Amino acid sequence: MTNLPYLCDTPQKLKSDLTLVLAHGAGAPMDSDFMGALAGLICAGGISVVRFEFPYMAQRRETGKKRPPDRMPALMAAFEQVVDELGGAEACVVAGKSMGGRVASMLLAENRARAAISLGYPFHPPGKPDNVRRDHWPQIKRPWLIVQGTRDPFGKPGEVNAYGLPASARVQWLEDGDHDFKPRKASGLTQGQHWQQAADWVCEFMVGLGK
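In this text, all values refer to a predicted model and were calculated from it rather than measured experimentally. (Residues numbered from 1 in each chain as written. Predicted model: local features only at pLDDT ≥ 70, side-chain atom pairs only at ≥ 80, totals over all residues. Heavy atoms only, no water.)

K.L.:
Help me out: how do you make sense of the overall build of the protein chain in this one?
P.N.:
Helices and strands together make up the secondary structure of the protein chain, namely six helices and seven strands. Ordered by position from N to C terminus, the α and β elements of the protein chain give β-β-α-β-α-α-β-α-β-β-α-β-α. Taking 17 Å as the expected radius of gyration for a compact globule of 211 residues, we find that the protein chain reaches 16 Å, a close match to that expectation. Seen along its three principal axes, the alpha-carbon backbone of the protein chain occupies a region of about 40 × 40 × 35 Å. Taking contacts inside the protein chain between residues at least 6 apart in sequence as the whole, the part at least 24 apart equals 70%. (Helix = DSSP H or I, 4+ residues; strand = E, 2+ residues; numbered from the N terminus. Rg over C-alpha atoms; globule rule 2.2 N^0.38 Å. Contact = heavy atoms within 4.5 Å.)

K.L.:
Looking at this structure, I do not really get the side chain of Thr-19. What am I missing?
P.N.:
Mapping Thr-19 onto the fold places it in strand β2 (residues 19-23). Among the residues examined, Thr-19 registers a relative accessible area of 14% and is labelled buried. The residues contacting Thr-19, other than those within four sequence positions of it, are Ser-48, Val-50, Leu-86, Ala-91, Cys-92, Val-93 and Met-206. (Buried < 20%, exposed > 50% of the residue type's maximum accessible area, 1.4 Å probe, protein only.)

K.L.:
Looking at this structure, how should I read the pairing of strand β3 (residues 48-52)?
P.N.:
Most of β3 sits out of view: five of its five residues are buried. Burial along β3 is two-sided: Ser-48, Val-50 and Phe-52 facing one way and Val-49 and Arg-51 facing the other are all buried.

K.L.:
Help me out: how do you make sense of the pattern of salt bridges in this one?
P.N.:
A pair can form between side chains of opposite charge whenever their charged atoms are brought close. The tally for this structure, following the rule as stated, stands at nine salt bridges. The partner of Glu-80 in a salt bridge is Arg-112, and the shortest N-O contact between them spans 2.6 Å. You can see Glu-80 sitting in helix α3 (residues 72-85) and its partner Arg-112 sitting in the loop between α4 (99-109) and β5 (115-119), a full 32 residues away along the chain. Relative accessible area serves as the criterion here: at 26%, Glu-80 is assigned to the partly exposed category. Judged by its relative accessible area of 26%, Arg-112 is partly exposed. Look at the salt bridges and you will find they share partners, linking Asp-31, Glu-53 and Arg-61 into a network. (Salt bridge = Lys/Arg side-chain N within 4 Å of Asp/Glu carboxyl O.)

K.L.:
Help me understand the packing of aromatic side chains in this model?
P.N.:
Pairs of aromatic rings are described using the distance from one ring centre to the other and the angle between the two planes. Tallied over the full model, the rule gives twelve aromatic pairs. On the basis of an interplanar angle of 65° and a centroid distance of 4.7 Å, the ring pair of Tyr-121 and Phe-123 is categorised as edge-to-face. Considered together, Tyr-121 and Phe-123 belong to a single accessibility category, that of buried residues. Through successive ring pairs, a cluster of aromatic residues spans Tyr-121, Phe-123, Trp-137, Trp-144 and Tyr-163. Directly above the aromatic system of Phe-34 lies the positively charged group of Lys-97, at a separation of 4.9 Å from the ring centroid. (Phe/Tyr/Trp six-rings, centres within 6.5 Å; stacked < 30°, edge-to-face > 60°. Lys NZ or Arg CZ within 6 Å of the ring centre and 35° of its normal.)

K.L.:
I tried to follow helix α1 (residues 33-44) on my own but got confused; where do I start?
P.N.:
With twelve residues, α1 should cover 16 Å at 1.5 Å per step; its first-to-last C-alpha distance of 16 Å lies within 8% of that length. Residues of α1 that are buried: Phe-34, Met-35, Ala-37, Leu-38, Ala-39, Ile-42 and Cys-43. (Expected span 1.5 Å × (residues − 1).)

K.L.:
Quick question: what am I supposed to make of the packing of α1 against helix α6 (residues 191-209) here?
P.N.:
For any two helices packed against each other, the geometry is given by the interaxial angle and the distance between the axes. Where α1 meets α6, the axes come as close as 9 Å, and the angle between the chain directions of the two elements is 50°. Accordingly, the angle class assigned to the pair α1 and α6 is oblique. Considering only the axes of α1 and α6, their crossing is right-handed. Between α1 and α6, the contacting residues are Asp-33, Phe-34, Ala-37, Leu-38, Leu-41 and Ile-42 on the first element and Trp-195, Gln-196, Ala-198, Ala-199, Val-202 and Cys-203 on the second. Among the residues forming the contact of α1 with α6, the class breakdown is ten nonpolar, one polar and one charged. (Axes fitted to C-alpha atoms, helices over the stretch in contact; angles between N-to-C directions. Parallel < 35°, antiparallel > 145°, perpendicular 65-115°, else oblique. Left-handed = near helix turned anticlockwise from the far one by under 90°. Nonpolar A, V, L, I, M, F, W, Y, C, P; charged D, E, K, R; others polar.)

K.L.:
Mind showing me how you'd approach the environment of Val-21 here?
P.N.:
Here Val-21 shows up in strand β2. In this structure Val-21 comes out as buried when scored by relative accessible area, which is 0%. Each C-alpha atom, one on Val-21 and one on Arg-134, is 22 Å from the other, the two residues being 113 residues apart in sequence. Look past the residues within four positions of Val-21 in its chain and what remains in contact with it is Val-50, Phe-52, Phe-79, Val-82, Val-83, Leu-86, Cys-92, Val-93, Val-94 and Ala-95.

K.L.:
Explain the pairing of β2 to me, please; I cannot follow it from the model alone.
P.N.:
Every regular strand shows the same layout, with side chains that alternate between the two sheet faces. Among the five residues of β2, five are classified as buried, and the element is accordingly described as predominantly covered. By the alternation rule, side chains of β2 split into Thr-19, Val-21 and Ala-23 and Leu-20 and Leu-22, which are all buried. Where β2 lies against β3, five bridges are found, and the strand directions are parallel. Bridging from a neighbouring strand, Leu-20 pairs with Val-49 of β3. At this point the chain moves from β2, through α1, to the parallel β3, and the crossover so formed is right-handed. Taken together, the five bridges between β2 and strand β4 (residues 92-97) define a ladder with parallel strand orientation. Bridge pairing in β4 links Val-21 to Val-94. (Pairing = 2+ DSSP bridges. Right-handed = clockwise from strand over helix to strand, strands pointing away.)

Right under this line is the structure:
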């Protein structure tokens, strides 16, 4: 496995001994606006955050050429490598935006992390609510936090509530948020508020794991 690039956000005062390992989505890198904002807000809440890039995204950064995501076994292997380098499964909570959150949940199904967090889980491809990505769910026994916008085309409340998530999973809904947690202006809410709320939920979840 090649060396993967990292970005580390370390708080002045830690509130958890666990490290949050945060993976990007399919199309945007680890330093996108979403990733940078969430990492900073979570760090401000007392949680150590390490962002990394999957091999295909790292290559895109080097060559400037867009590449499709690696296949799931390669994504999982890269994620697991980072977890191993940061102290192993019991020292890490795996998390990710969209595709990264799906990979995190698949690691959780194999008990390769203390817990998992999915920020905008891609429950199904947009427009295909019956094509649910849930084959690994029965194996998930450890805590899993999902933060989802109510307008997310990859999974809305009416659909998700009928899917039968694992007993250890908890979904927190951001009102009127899309896949990037952005609400419409008419809602009276802002993307910044939703990012802060998501970060607060993540920090609360992480601190709770230590109790």
